[in-house]
Amino acid sequence: MALDGAFLLAVKQELQPLVGGRIEKVYQPSKEEAVIAIRTRTGSSRVLICAGANSARIHITNRQIENPKVPPMFCMLLRKHLGSGKLIDIRQDGLERILFLDFETVNELGDVVIITLAVEIMGKYSNLIVINENGKIIDSLKRVDDAMSRERLVLPGMTYTAPPRGDRLNFLIAPEEEMRMRIAAASGKSAAKCLIGIFEGISPILAREWLFRACGSNDITTDELDSDTLTKLIAEIMSTRDDYLSGRRKYTILTDNDGNLKDFCFIDITQYGGLMKASYCETAGETLDKFYHDRDSTARMKQRYGDLYRLLSNTADRIRRRTENQRQELKISEERDILKLKGDLISANLYQLKKGMKDFTCVNFYDENAGEITVELDPSLTPSQNMQKYYGGYRKADTAEKRLKVQIAQGESELKYASDSEGVMGDELLTVNIRYKEPEGSESKLLTYPVNKSLYSDKMSADMNFASCVAEFGMLLRNSRYIGDVTYKDVSAQLSKYDYSDDDYKDEFIYLVNTMKRRDTNFQ
């Protein structure tokens, strides 16, 4: 998945009508993105420039992108130097993955100057660099110092130098014989990697597609390319060149069987067979806009799914721990009767107890066998205070038991919902909450039903089909403005999909529909 030089050339050609237009606004939606609105005689267009490692690109976009309330510093710098500048040229060196956008603008002294935006589409090294008329870097979206690279520094005040360019062929203009010689000279390498090394501006998927069309396989080495195969390969390259230059491009987006976006190209891709599904776009910009927007949306959804799943998992664990602690407290509170017993025994023997006693032994008159029992006392309290302490503990435990039972039941309900939601998280579409009250009841009950993908069907049930037909029939009788182009004939055809003959009421309804259908047909 890469925006290669040939695809970038197609983008450049689509941006060409903007030459002569003036900048309306400059935005910076995110750290690695910038949007420049350019107005021409035919209208306004927004050019999205992204320098993200996995999403570097430039194209016209029609999507609404949310902007921060306070513009970042780099956005302010672009506004300062570009202002209402006029786009006078868009340049690309061969099929290099760099576009230069030249703007004619006025500096703070009132002089007309040329400011260039260098849009470098190079994976993790992608960047957006602002260059003045003297070739000096004003600033960049990503600054590169000597700690990050020793080969090429990108810092304000330094002279802009393009990335090193190898001796590779432009397949759109290179002579056929030179292409044949270069490929034939390579040996012992993966043929796809060899093609990427020989030609500039091609992506791995394009190299593999050429090999697949020529050889029936893209997993071969250059040593396996005999004379006939090489001739077929050159023919495929020349065919791609002819289609490209004549405008017969087929902008293709590939998705796997799970719906994940995988790659894109400007020709039809056949190498994956049934492993990939292809969809097509009209322009290069539309292809990039759709691919990266849908991919980023999917990534955001997966991120939110992961966050929600972790939240549910943590919530379920927290509820389990809380409920377990409440059960332990309930178990302790269930022994509250012993507290009341000891309070009664103290009350019965209050006359013989004194402050400072640690315990006393007496007959347990609640015991059928009249056994003895030892009651612990707090020596710092009077006998009466010890009695009140036991009675207070009993009342507290009794109240705690009632509340704990309610809390435990509530916790178990919450745990069931969290566990059910956690279990169907990957398939859940929505949750339906319904409040229901018995006819004679005074309080409503909340009923919660998670709806997952297993409940979804692209075919209506018999009951749902009948209900929809009843609704359509009623709208036809009332001549509703919302009925659209549905007729009695359509309702009758819909009813015929299921057998309702075992229900007299439904059978009678079908008779009414057919009667109206015949009446409608005779009237017409």
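Report on the accompanying structure.

**Things to note about the overall build of the chain**
Within the chain one finds 12 helices and 16 strands. Dimensions of the chain, computed from C-alpha atoms along their principal axes, come out at roughly 120 × 85 × 60 Å. A burial count over the chain gives 39% of its 524 residues as buried. Sequence-distant contacts in the chain: of pairs separated by 6 or more residues, those separated by 24 or more amount to 53%. For the chain, the accessible area works out to roughly 31,200 Å², and carbon and sulfur atoms hold 50% of it. The centroid of the 74 positive side-chain charges in the chain is displaced by 5 Å from the centroid of its 79 negative side-chain charges.

**Quick notes on the pairing of strand E1 (residues 22-27)**
Note that E1 and strand E2 (residues 33-40) share 5 bridges and pair antiparallel. By the bridge assignment for E2, valine 26 is matched with isoleucine 36. From the end of E1 to the start of E2, which pair antiparallel, there are 5 residues.

**Quick notes on the pairing of strand E10 (residues 251-256)**
Counting buried positions along E10 gives 6 out of 6 residues, so the element sits mostly inside the fold. Of the two faces of E10, the one holding Tyr251, Ile253 and Thr255 and the one holding Thr252, Leu254 and Asp256 are both buried throughout. Direction of pairing for E10 relative to strand E12 (residues 276-281): antiparallel, over a ladder of 6 bridges. If you follow leucine 254 over to E12, its bridge partner there is alanine 278. With 4 bridges joining them, E10 and strand E11 (residues 261-265) adopt antiparallel strand pairing.

**What about the side chain of arginine 295?**
Inspection of the secondary structure assignment puts arginine 295 in helix H7 (residues 284-333). In this structure arginine 295 comes out as buried when scored by relative accessible area, which is 17%. Reaching out from arginine 295, the side chain makes a polar contact with the side chain of aspartate 296 at a distance of 3.4 Å.

**Brief notes about the packing of aromatic side chains**
Considering all chains together, one arrives at 15 aromatic pairs under this definition. Taking the centre distance of 5.2 Å and the plane angle of 75 degrees together, the rings of phenylalanine 7 and phenylalanine 264 count as edge-to-face. Placement of the pair is phenylalanine 7 in helix H1 (residues 5-15) and phenylalanine 264 in strand E11, with a sequence separation of 257 residues. The residues phenylalanine 7 and phenylalanine 264 share a single accessibility class, namely buried. A ring pair is formed by phenylalanine 365 and tyrosine 366, whose centres lie 4.9 Å apart and whose planes are at 40 degrees; its orientation type is tilted. Every member of this aromatic cluster is reached through a ring pair, and the members are Phe466, Phe473, Tyr488, Tyr498, Tyr500 and Phe509. Sitting above the plane of the tyrosine 244 ring, arginine 249 keeps its charged end 4.0 Å from the centroid. Stacked on the ring of phenylalanine 466, the Lys or Arg lysine 506 has its end atom at 5.2 Å from the ring centre.

**Some words on the environment of lysine 506**
Its place among the elements puts lysine 506 in helix H12 (residues 504-523). Accessibility expressed as a relative area gives 18% for lysine 506, which makes it buried. Along the sequence, lysine 506 and leucine 495 sit 11 residues apart, while their C-alpha atoms lie 9.8 Å from each other. With sequence-adjacent residues up to four places away left out, lysine 506 is seen in contact with Asp463, Phe466 and Tyr500. In this structure the side chain of lysine 506 is engaged in a polar contact, spanning 3.2 Å, whose partner is the side chain of aspartate 463.

**Some remarks on the sheet that holds E10**
On the basis of which strands lie adjacent, the open sheet formed by 3 strands has the order E11-E10-E12 and antiparallel pairing. Each end of this open sheet is capped by a strand with a single partner; those strands are E11 and E12. When the angles between neighbouring strand axes are averaged without regard to direction, this sheet yields 25 degrees. Contacts between H7 and the sheet are confined to E10, E11 and E12, with E11 contributing the most and set at about 170 degrees to the helix.

**Points about the packing of H1 against H7**
Contact geometry of H1 with H7 gives a least axis separation of 8 Å together with a crossing angle of 115 degrees. With respect to each other, H1 and H7 are oriented roughly perpendicular. Along its contact with H1, which presents Phe7, Ala10, Val11 and Glu14, the element H7 presents Ala284, Gly285, Thr287 and Leu288. Along the lines of polarity and charge, the residues of the contact of H1 with H7 split into 5 nonpolar, 2 polar and 1 charged.

**Brief notes about the environment of leucine 109**
With respect to the element layout, leucine 109 can be found in the loop between strand E6 (98-106) and strand E7 (112-120). Looking at leucine 109, the relative accessible area reads 69%, which means it is exposed. Taking C-alpha positions, leucine 109 is 110 Å from alanine 370, a pair spaced 261 residues apart along the chain.

**Some words on the pattern of salt bridges**
On inspection of all chains with the given rule, the structure shows 31 salt bridges. Ionic pairing is found between aspartate 289 and arginine 63, a salt bridge with its closest N-O pair at 3.6 Å. Here aspartate 289, found in helix H7, pairs with arginine 63, found in the loop between strand E4 (57-61) and helix H2 (73-82); they are 226 residues apart in sequence, far enough to count as distant. In this structure aspartate 289 comes out as buried when scored by relative accessible area, which is 12%.

**Topic: a negative patch on the surface**
Together, Asp499, Asp502, Asp504, Asp507 and Glu508 line one region of the surface with negative charge. Note on placement: aspartate 507 falls in helix H12. On the basis of relative accessible area, aspartate 507 is assigned to the partly exposed category, the value being 39%.

**Remarks on a nonpolar patch on the surface**
On the surface, a cluster of nonpolar side chains totalling about 500 Å² of accessible area is made up of Leu430, Val432, Ile434, Tyr436, Leu447 and Tyr449. Of all the secondary-structure elements, those providing two or more residues to the nonpolar patch are strand E15 (428-436) and strand E16 (445-452). With 4 residues, E15 is the largest single contributor of residues to the nonpolar patch. Tracing the chain through its elements places tyrosine 449 in strand E16. Judged by its relative accessible area of 43%, tyrosine 449 is partly exposed.

The rules behind each value
Residues numbered from 1 in each chain as written. Predicted model: local features only at pLDDT ≥ 70, side-chain atom pairs only at ≥ 80, totals over all residues. Heavy atoms only, no water. Helix = DSSP H or I, 4+ residues; strand = E, 2+ residues; numbered from the N terminus. Buried < 20%, exposed > 50% of the residue type's maximum accessible area, 1.4 Å probe, protein only. Contact = heavy atoms within 4.5 Å. Areas by Shrake-Rupley, 256 points an atom, 1.4 Å probe, with all protein chains shown as cover. Lys, Arg positive; Asp, Glu negative; His and termini not counted. Charge placed at Lys NZ, Arg CZ, Asp CG, Glu CD. Pairing = 2+ DSSP bridges. Polar contact = N/O pair within 3.5 Å; in protein donor to acceptor, adjacent residues only side chain to side chain. Phe/Tyr/Trp six-rings, centres within 6.5 Å; stacked < 30°, edge-to-face > 60°. Lys NZ or Arg CZ within 6 Å of the ring centre and 35° of its normal. Axes fitted to C-alpha atoms, helices over the stretch in contact; angles between N-to-C directions. Parallel < 35°, antiparallel > 145°, perpendicular 65-115°, else oblique. Nonpolar A, V, L, I, M, F, W, Y, C, P; charged D, E, K, R; others polar. Salt bridge = Lys/Arg side-chain N within 4 Å of Asp/Glu carboxyl O. Patch = residues over 30% accessible without salt bridge, like charges linked within 9 Å, V, L, I, M, F, W, Y side chains within 5 Å.

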